[in-house]
Each structure stands twice: as structure tokens, then as C-alpha cells.
Amino acid sequence: MALLLKIFIPLLGLVVAFYFYSPSENFSGEMLRGKRVMVTGASSGIGEQMAYHLARMEAHLLLTARTEAKLQKVVERCLELGAASARYVSGSMEDTSFPEVVVKEAENTWGGLDMLILNHISYSHFTYFNGDVEHVRKLLETNFLSYVAMTVAALPMLKESEGSIVVVSSVAGKTGIPFVAPYSATKFALDGFFSSLRQEFIIDKVNVSITLCVLGYINTGKLSITGAPRRSAFPDGAKPSPPPARRPRLLSTLLGHCCRTLNLQRLCKRGNGTPKHLGLCYPCSKPKGGGDSILRSLKRWEGMGRTLA
């Protein structure tokens, strides 16, 4: 009997978890067709891949990042992939006026905004914290305060469209990780601010959803070792070992599914018209098949539990 309980109770827990946390509706890429989406940090890494998947779903894209030359190439690729339109604004989030400039561009171009994806980060070091308070302050400005500024500037348009805010965060914002103390602090700040803001939206019946995407370590080149650019960690002439062949495809498919399951209002409205606000999203299955297949399920959570439909 004891052995049966040990087996039965965990299985029952899995069934209950699957019931409560599984998406209740199937998502179609067509639901993003024609949507007006802004993506920050879109010149490389996660932001670039998100832009490509959104382009395949025929969204209107406004991309931002520091490097104009890279943004031009990403915009060209997005148009090739089928984006309804694609444009960019280059600049640094260290400039406190830049968030308003970007949001104003969206307003002037589209007259509104459906989705704001905040993904940009500043370079940091993978090393012991050396007491550099100025570095911490700089990271907070870029990795946290600019997210708040972008949200404040875009919120009137998002309220009008009943849109979505997507914050790309990190597991370093959920648990302390050695050697990334300043970076981790900024991610904890994101989690605290946007989780609290989500609850305020629920109380105030603001129909704008907030999603926190908590990702594990991904080598996007934004983390340097002992203060030097990542590539300088290797001796002159030496090259790092190439990643496994499937890694780019796996990352691409994961990000594609993350884009496809972002809580658009069609998916997230409850029967009484209030939004279903979602929290943590993370991969829980392996890709099916080949090509541009996506992870079959990407569980969506909200703080302590799911907001039931």
C-alpha cells in the first residue's frame, strides 16, 4: 500500500499540474499577422531570432539596438522572411531619452502598438564582484531602468490596443548565481517590478498582459570573462570549439515557440473580459520532427499559480 501511494500521488500531481498549466487553446501564427511589435536588443542573439520568427508570422516590426549596421541586415532578413513591414531605430538604452524616441517612432509610424518585447542588456563580466559600484549602476540603468522607461512610454498605446508586454529575463533573476552578481541584481529587479506591476494591472482591471520569460544560460556574447571580450579568453589564433550542430536549431525553435505562445489578448482574455496575466515560461519538451518544428509545449505560469479561465 505504501509503495502504491508513493507511485500514485506523484502521478496524480503530474495529472493535476498538466490540467491546470496546459494552454487551453491552440495558438496559430496567424494571430500575430498584422500585429505591431517592438523588439529591443534585436541586432543579435535572442532578439534577432525573435524578430525572424515574428517576421515569418507577418507582423509589423520595429527593432532597436546599438549597432545600426547589424540592424540593417536584420531588417532586410525580416522583410525576406515575410514581415508585413520592418524598420529600425538605432541607439543606446544608456541614453535616458532613447526609450521615448523609440516609442514615438512606433506612434508616428503605426499610430499604436500591440506588443512590446524588452530584451536588451548591457555587457557584463563573468568574474568575482570587485566592488565596482559604477558598473552596477550602469547595468541597472540599461538592464532595468530602461525597461521601466520603455514600459511607461509605451503603456498608453498598449492600454488602447489591450496589448502585451514581454520581458526576457533569466534564471539569474530567480536564484543567486556566483560570478554574475551585478547582472543577477538587475534580473531580480525586473522580476520584482514586473511581477508587482502585473498584480496592480489585475487589481485595476488594466487589460495589458505581462509575461516574464525566464531563460537559462545562452551564449549570446553579452557575457565576458574576467572583464575582457569573450573571444579574448582564448589564446591568439585559437578558436572555441563549435557548438553541437543542433544547438542553433534548438534555440531557434524554442524562441519561435516562445513568440507563438506570447499571451496575446485573444488567448488571454477570460470570460469576464479581464486579462489572464502570465508569468514564467520555460521549455518542457523536446522538438518534434525536423525543419522549423517548434517545442510542442511551453508551459505558462503566473507567480504562485495559473489564473484560471
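Above: the structure in question.
Residues numbered from 1 in each chain as written. Predicted model: local features only at pLDDT ≥ 70, side-chain atom pairs only at ≥ 80, totals over all residues. Heavy atoms only, no water.

It is not clear to me how the nonpolar core should be interpreted in this structure. Could you clarify?
One broad rule of soluble globular proteins: the nonpolar side chains tend to lie buried together. Grouped together as the largest cluster of nonpolar side chains are 34 residues, with contacts concentrated most on M38, I165 and F194. Sorting the residues of this core by element identifies helix 4 (98–110), strand 4 (115–118), helix 5 (133–161), strand 6 (164–170), helix 6 (181–204) and strand 7 (209–215) as the ones contributing at least two each. Broken down by element, the residue count for this core peaks at eight residues, all from helix 5. Listed in part, the 28 residues of the second largest apolar core include I46, L71, C78 and A86. (Core = buried A, V, L, I, M, F, W, Y, C linked by side-chain atoms within 4.5 Å. Buried < 20%, exposed > 50% of the residue type's maximum accessible area, 1.4 Å probe, protein only. Helix = DSSP H or I, 4+ residues; strand = E, 2+ residues; numbered from the N terminus.)

Would you mind showing me how to read the side chain of S169 here?
The topology assignment puts S169 in strand 6. Ignoring any residue separated from it by four or fewer positions in sequence, one finds S169 in contact with K187, L212, C213, V214 and L215. (Contact = heavy atoms within 4.5 Å.)

What am I meant to see in unusual backbone geometry here?
Trans is the prevailing form of peptide bonds, just as negative phi is the prevailing case for residues other than glycine. The phi torsion at E58 lies on the positive side, around 65 degrees, for a residue other than glycine. Note on placement: E58 falls in the loop between helix 2 (45–56) and strand 2 (60–65). Given the relative accessible area of 33%, E58 is considered partly exposed. One non-glycine residue, E162, lies in positive phi territory at about 55 degrees. Among the secondary structure elements, E162 is positioned in the loop between helix 5 and strand 6. The exposure class assigned to E162 is partly exposed, which follows from its relative accessible area of 30%.

Just to check I follow, could you spell out the packing of aromatic side chains for this structure?
Where two aromatic rings form a pair, the distance of their centres and the angle of their planes describe that pair. All told, the structure shown has four aromatic pairs when counted by the stated rule. Taking 5.5 Å as the distance between ring centres and 55 degrees as the angle between the ring planes, the aromatic pair formed by F126 and F179 counts as tilted. With F126 in strand 5 (residues 124–126) and F179 in the loop between strand 6 and helix 6, the pair connects residues that are 53 residues apart, well separated along the chain. What makes F179 partly exposed here is its relative accessible area of 32%. An aromatic cluster of at least three residues, connected via ring pairs, comprises F126, Y128 and F179. (Phe/Tyr/Trp six-rings, centres within 6.5 Å; stacked < 30°, edge-to-face > 60°.)

Quick question: what am I supposed to make of a nonpolar patch on the surface here?
On the surface, F8, I9, L12 and V16 cluster together into a nonpolar patch covering about 360 Å² of accessible area. Checked against the element boundaries, I9 lands in helix 1 (residues 2–21). According to the relative accessible area criterion, I9 is exposed, its value standing at 52%. (Patch = residues over 30% accessible without salt bridge, like charges linked within 9 Å, V, L, I, M, F, W, Y side chains within 5 Å. Areas by Shrake-Rupley, 256 points an atom, 1.4 Å probe, with all protein chains shown as cover. Salt bridge = Lys/Arg side-chain N within 4 Å of Asp/Glu carboxyl O.)

Mind showing me how you'd approach the side chain of D191 here?
Take D191: it is sitting in helix 6. The exposure class assigned to D191 is buried, which follows from its relative accessible area of 12%.

Can you walk me through the packing of helix 5 against helix 6 in this structure?
Helix-helix packing: each pair is described by the crossing angle between the helix axes and the interaxial distance. Running from N to C, helix 5 and helix 6 cross one another at 20 degrees; their axes reach a closest spacing of 8 Å. As far as their axial angle goes, helix 6 and helix 5 are roughly parallel. Between helix 5 and helix 6 the crossing geometry is right-handed. Note on element contacts: helix 6 touches helix 5 through P182, Y183, T186, K187, A189, L190, F193, F194, L197 and F201, opposite H135, V136, L139, L140, N143, F144, Y147, V148, T151 and L155. Considered class by class, the residues forming the contact of helix 5 with helix 6 number 15 nonpolar, four polar and one charged. (Axes fitted to C-alpha atoms, helices over the stretch in contact; angles between N-to-C directions. Parallel < 35°, antiparallel > 145°, perpendicular 65-115°, else oblique. Left-handed = near helix turned anticlockwise from the far one by under 90°. Nonpolar A, V, L, I, M, F, W, Y, C, P; charged D, E, K, R; others polar.)

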